[in-house]
Amino acid sequence: MRTVANMKYFWLILVIAVGAADSIVEKANLETANLTKGTKHYRMELLFKATFFQASMYCSRLGMELVSFNNLQEFDELKDFLVKTLPNARWSQFWTSGVAMGPLQFGWINTGLPITVTHKWEYLQPNNFFGLENCVEVKFHESINVMLMNDITCLALNYIVCQGYTL
Ligand SMILES: *[C@@H]1O[C@H](CO)[C@@H](O)[C@H](O)[C@H]1NC(C)=O
């Protein structure tokens, strides 16, 4: 039906418009960036921002999933990718696969495992503020090359990093 199809484009355009209002694309001069490291492939999406749910579906459509860190090495892999890709970006926020499992307990929804890189939370985070912050983002600051995790509402609009595995 025509209206249904139009609604789809309405949401897509809305998401892109929101992203463009605070554009990292111009600063990074990139819309996407890819990195293959070992068996892992990363795809960074800089053209638009999305909620956790939209971001998760976006990665699924690509046969991928939101980024997660099984260990410190994987955490640093993404950090180094951001350092290389976003030399001129201010605080940029990206979705991960992290979600709240219980009060102040966070895990990866893609693997079902708890988050173990717990010294990489931002200061005084996670706080699951009023029980409303149930999704995990990473914040990257280019000038000090620091990347840290934070819990935030799943409806926040962030950039996306998808991951996949090469066989
Ligand atoms: C990243 O990979 C995607 C999918 O293959 C491609 O469309 C895009 O152009 C790539 N981006 C860059 C900067 O190479």
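Details of the structure are given in the entry above.
Residues numbered from 1 in each chain as written. Predicted model: local features only at pLDDT ≥ 70, side-chain atom pairs only at ≥ 80, totals over all residues.

> I tried to follow the nonpolar core on my own but got confused; where do I start?
Among soluble globular proteins, nonpolar side chains are generally buried collectively. Judged by nonpolar contacts, the single largest core of 34 residues is most densely connected at A55, L78, I160 and V161. Of all the secondary structure elements, the ones that give two or more residues to this core are β2 (40-50), α3 (52-61), α4 (72-85), β4 (92-102), β5 (105-108), β6 (135-141), β7 (146-152) and β8 (158-165). If one sorts the elements of this core by residue count, β2 sits on top with 5 residues. Other than its neighbours up to four places away in sequence, V161 contacts Y42, M44, V67, L78 and F94. (Core = buried A, V, L, I, M, F, W, Y, C linked by C-beta atoms within 7 Å. Buried ≥ 20, exposed ≤ 12 C-beta atoms within 10 Å, placed from the backbone. Helix = DSSP H or I, 4+ residues; strand = E, 2+ residues; numbered from the N terminus. Contact = placed C-beta atoms within 7 Å.)

> Help me out: how do you make sense of unusual backbone geometry in this one?
Excluding glycine, residues mostly carry a negative phi; peptide bonds, for their part, are mostly trans. That bond from Q125 to P126 is cis: its omega, 0 degrees, falls within 30 degrees of zero. With a phi close to 60 degrees, L104 is a non-glycine residue in the positive phi region. Along the chain, L104 falls in the loop between β4 and β5. According to the C-beta neighbour criterion, L104 is exposed, with 10 such atoms within 10 Å. A positive phi is found at N128, a non-glycine position, where the angle reads about 45 degrees. Structurally, N128 can be placed in the loop between β5 and β6. Taking the number of C-beta atoms within 10 Å as the measure of exposure, N128 has 16 and is therefore partly exposed.

> Whenever I open this one, the site of the ligand confuses me. Can you help?
Around the ligand sit L30, T32, A33, N34 and R43, and those are all the residues in its vicinity. With 3 residues, strand β1 (residues 32-37) is the single largest residue contributor to the shell around the ligand. Here the residues of the shell around the ligand are counted per class, giving 2 nonpolar, 2 polar and 1 charged. (Near = placed C-beta within 6 Å. Nonpolar A, V, L, I, M, F, W, Y, C, P; charged D, E, K, R; others polar.)

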